[in-house]
Amino acid sequence: MAISLKESIVFGFSDFWSRKVRSLVTIIGIILGTMSIIVVLSLVNGINKQTLQWMMERGGLSKITVRRNWRYDNPNKVRSYFTWKEIKLIRSLIPEAKYMNPQKRYWLRHSYEDKEYNCSIYGVLPDFSKIEEWDTEDGRFISEFDINQSNDVIVIGTKVKEELFGNKNPIGQFITVHERRLHVIGIMKHRYMKSNNIGSDNALGYLNRRTFVPLSTMIHKGTGDDNISSLALKAQDAESAPELRKKLEAIILNLRHGEPVFMIESAQEEAEEMAQSQKTFQIIFFIISIISLLVGGIVIANIMLASIQERTREIGIRLTVGARRRDIFIQFLVQTVLITFIGGILGTLVGLSLLKMVSGYINIELIAELSMVLIALTVSVGIGLLAGIIPAILASKLNPVEALRYE
Amino acid sequence: MASLIEVNDLTKEYKMGKITVPALNGVDIDINEGEFVAIMGPSGSGKSTLMHILGCLDTATQGEYILNREKVSHIKKKKLASIRNQRIGFVFQTFNLLPHLNVQKNVELPLMYAGYSKRKRTELAKKVIAEVGLTDRRKHKPSELSGGQRQRVAIARAIVNNPSIILADEPTGNLDTNSGSDILTIFSELNLKGHTVIIVTHDAAVAKRANRVIHIVDGLIENGDIS
Ligand SMILES: Nc1ncnc2c1ncn2[C@@H]1O[C@H](COP(=O)(O)OP(=O)(O)O)[C@@H](O)[C@H]1O
Ligand SMILES: [Mg+2]
């Protein structure tokens, strides 16, 4: 006669219950371990992601911008804008650039019926939408045809739409800017990114307060001049962006006889610089992650191992009254699995809700990725299982007297 | 008639690092079914060592132990577990109860490993708990009991599977005279019911109740067959 597998599992459960306090303490240890690992890993990841997301929202890492260099005081009064001819020359010298958008900007009053709204209006090419990776929500963006014909069309941001049209559909309506009636052909997608500045909830809100017209329309029908103050380009990919930036810098310096009146920046290089300056942070974060893994693991192992002596004696007693090794193994397996899994699941839940709280507090979106939950569970459940079962296996291999005498 | 227990030239050495400590130096014993045997000897003479080997809780270094005509050294581990469970009841000086289980559960332990149903376990355990006079303490934890009561729980646990052999290693060593004497009465009664009882003791009074006293000194039997 001996007990069945099913019965030994039942005994494992009842054993778990008969020592509620110890089981609870161990579960709490595993909850703390799992929780701290999840929170720290997600915190580190969230902060890193925030930076990267900002870059991505601004057109990605392959973007290059050319702007006036305000730091250069320009003693020889070199022209600090490009002419349309120069733009065409530059474009022909860098065929490897995927997109290029020269732009002009004004701050003008926009009016529709009795409503008025003052905001930035940009003269752009169709490439703008490609470079910024920003398309229209409704209608369409400015096309090559609009450029060639210098069409009187305008694309507006969501805030502009809201201010001038409210709930009315603006497409097909006419906005008056600078005494010229512009046909509304599109509404840009709403831009939003959670801000970590107190006082503004949308870090990208300024983009929604812009309007766009064909650059040719602005040059020929608006100001009458072709002074282009800034350029944006997109390299084939992030890796080739620094190369393209250097080439562009050389071309532009050449055009201005070596005077640095323009600033040429690549997002990739900025990101690299940022990454460089963040390196210390990242190392600290990395160390914190490792420490949290260790601490979590040690807390769990410690609680499990603390009871080895008691458990080994218990195993001795059970062996004395006729338990087989298998019975002992199953009893401790069931107990340990119960404890670690309950602890692991609760720890994950507590960790996730804690993250939510922290996330609201520091205004960074912290979402635990599946991989982090898995890492945390692997570490805590893994260590819990090992620390619970290995001593039990070793103890069950002792003969009963050795186990009883264990100190 | 063959002996229930037959021990020939039994040797036990403990290894402590590089030193080997001899505990039994060639012990011969025969014990028949139904005997009440007292083992006496000075501290450190090897009594516990012998009892552990007889109880299949430990193995000898050399020599033969034949239990019920079967050589123990030839028995598989699984079968040994079942022998400890079915045929031997062991009572320790230090009780060795599980502290987190109540009296009822402690006594049920051997029945669990014997594979009895819950109903049967409850019934059998209740019966032996009544026999040792602890019915009103069934739901108590060991820490809530006196030494004598704990030892009675341990005895109940040892006899619950109705083993043919009961081994007790200084069962009264931790008890006062009164409760010690109660415990010994229980062992006498068990012997009268047909259990073979082997008991280690320092107490000459105990030895008087036995059919036979085995004296052990320095791991050797002194005058084995004098009653
Ligand atoms: N686990 C052990 N390791 C080393 N030596 C031991 C161990 N157990 C007992 N001994 C030694 O074996 C001898 C016999 O011990 P034991 O059987 O406990 O004697 P008794 O029970 O008669 O007092 C003693 O010298 C003791 O020190
Ligand atoms: Mg002893």
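*Asks:* Would you explain a nonpolar patch on the surface in this entry?
*Replies:* Taken together, Phe341, Ile342, Ile345, Leu346 and Leu349 of chain A make up a surface patch of nonpolar side chains, about 440 Å² in accessible area. Assignment of secondary structure puts Ile345 of chain A in helix α11 (residues 325-362).

*Asks:* What exactly am I supposed to notice about a positive patch on the surface here?
*Replies:* Residues Lys105, Lys118, Lys126 and Lys139 of chain B make up a contiguous surface patch of positive charge. Considering the arrangement of structural elements, one finds Lys105 of chain B in helix α3 (residues 103-114).

*Asks:* I keep staring at helix α6 (residues 158-165) of chain A and nothing clicks. Help me out?
*Replies:* Because the α-helix completes a turn every 3.6 residues, residues three or four places apart line up on one side. Residues and elements named next belong to chain A. Within the span of α6, buried status applies to Thr158, Val160, Leu164 and Phe165. Angular distribution of buried residues about the axis of α6 spans 155 degrees; they occupy a single face of the element. Along its buried surface, α6 packs onto β2 (99-112), β3 (115-124), β5 (153-156), β6 (174-177), β7 (180-188) and β8 (210-214). Within two residues after α6, Gly166 carries a phi angle of roughly 60 degrees, on the positive side.

*Asks:* When you look at the site of ligand 1 in this model, what are you seeing that I'm missing?
*Replies:* Looking at ligand 1, the residues that line it are Arg405 of chain A together with Tyr14, Met16, Ala23, Pro42, Ser43, Gly44, Ser45, Gly46, Lys47, Ser48 and Thr49 of chain B. Positioned at a junction of chains, ligand 1 has nearby residues supplied by chains A and B. Here an oxygen atom of ligand 1 sits 2.9 Å away from a polar atom, N or O, in the main chain of Lys47 of chain B. Within the side chain of Ser48 of chain B, an N or O atom sits 2.7 Å from an oxygen atom of ligand 1. When ligand 1 sits alone it has 560 Å² of accessible area, and the protein chains cover 71% of it. Among the elements that take part in the shell around ligand 1, helix α1 (residues 47-54) of chain B stands out by supplying 3 residues, more than any other.

*Asks:* Honestly, the sheet that holds strand β9 (residues 212-217) of chain B in this entry has me stumped. Any pointers?
*Replies:* Each strand in a sheet pairs with another by means of backbone hydrogen bonds, the pair being arranged parallel or else antiparallel. All names here are of chain B. Judged by pairing direction, the sheet is mixed, and its 6 strands sit side by side in the order β6-β7-β8-β3-β9-β10 without closing on themselves. The open sheet has two edge strands, β6 (88-91) and β10 (220-221), and neither has a second partner. Here strand β3 (residues 36-40) pairs with β9 via 4 bridges, running parallel. What sits directly across from Met40, in β9, is His215.

*Asks:* Please explain unusual backbone geometry as it appears in this structure.
*Replies:* Residues other than glycine predominantly adopt negative phi, and peptide bonds predominantly adopt the trans conformation. One non-glycine residue, Glu113 of chain A, adopts positive backbone phi at about 50 degrees. Checked against the element boundaries, Glu113 of chain A lands in the loop between β2 and β3.

*Asks:* Looking at this model, I keep getting lost on the pairing of strand β4 (residues 62-67) of chain B. Mind explaining?
*Replies:* Look at any regular strand and the pattern is simple: side chains alternate between the two faces of the sheet. All names here are of chain B. Here 5 bridges tie strand β1 (residues 5-16) to β4, and the two strands are oriented antiparallel to one another. Bridge pairing in β4 places Glu6 opposite Ile66. Both β4 and strand β5 (residues 70-71) contribute to a ladder of 2 bridges, which runs antiparallel. Paired with Leu67 across the bridge in β5 is Glu70. Count of turn residues in the β4/β5 antiparallel hairpin: 2 residues, of which Asn68 carries a positive phi of about 55 degrees.

*Asks:* Looking at this structure, how should I read the interface of chain A and chain B?
*Replies:* Opposite the 27 residues of chain A that make contact, chain B presents 26 residues. Taking both partners together, chain A and chain B bury about 2,400 Å²; carbon and sulfur atoms supply 60% of that area. The interface formed by chain A and chain B holds 6 residue pairs in polar contact (both at pLDDT 80 or more) in total. Listed by contribution, the elements that provide at least two residues to the side of chain A that touches chain B are α1 (5-18), α10 (308-320), α11 and α13 (400-405) of chain A. Looking at the side of chain A that touches chain B, its residues break down into 11 nonpolar, 5 polar and 11 charged.

Definitions and cut-offs
Residues numbered from 1 in each chain as written. Chains lettered and ligands numbered in written order. Predicted model: local features only at pLDDT ≥ 70, side-chain atom pairs only at ≥ 80, totals over all residues. Heavy atoms only, no water. Patch = residues over 30% accessible without salt bridge, like charges linked within 9 Å, V, L, I, M, F, W, Y side chains within 5 Å. Areas by Shrake-Rupley, 256 points an atom, 1.4 Å probe, with all protein chains shown as cover. Salt bridge = Lys/Arg side-chain N within 4 Å of Asp/Glu carboxyl O. Helix = DSSP H or I, 4+ residues; strand = E, 2+ residues; numbered from the N terminus. Lys, Arg positive; Asp, Glu negative; His and termini not counted. Charge placed at Lys NZ, Arg CZ, Asp CG, Glu CD. Buried < 20%, exposed > 50% of the residue type's maximum accessible area, 1.4 Å probe, protein only. Arc of directions from axis to C-beta. Contact = heavy atoms within 4.5 Å. Near = heavy atom within 4 Å. Polar contact = N/O pair within 3.5 Å; in protein donor to acceptor, adjacent residues only side chain to side chain. Pairing = 2+ DSSP bridges. Buried area = accessible area lost by both parts, 1.4 Å probe. Nonpolar A, V, L, I, M, F, W, Y, C, P; charged D, E, K, R; others polar.

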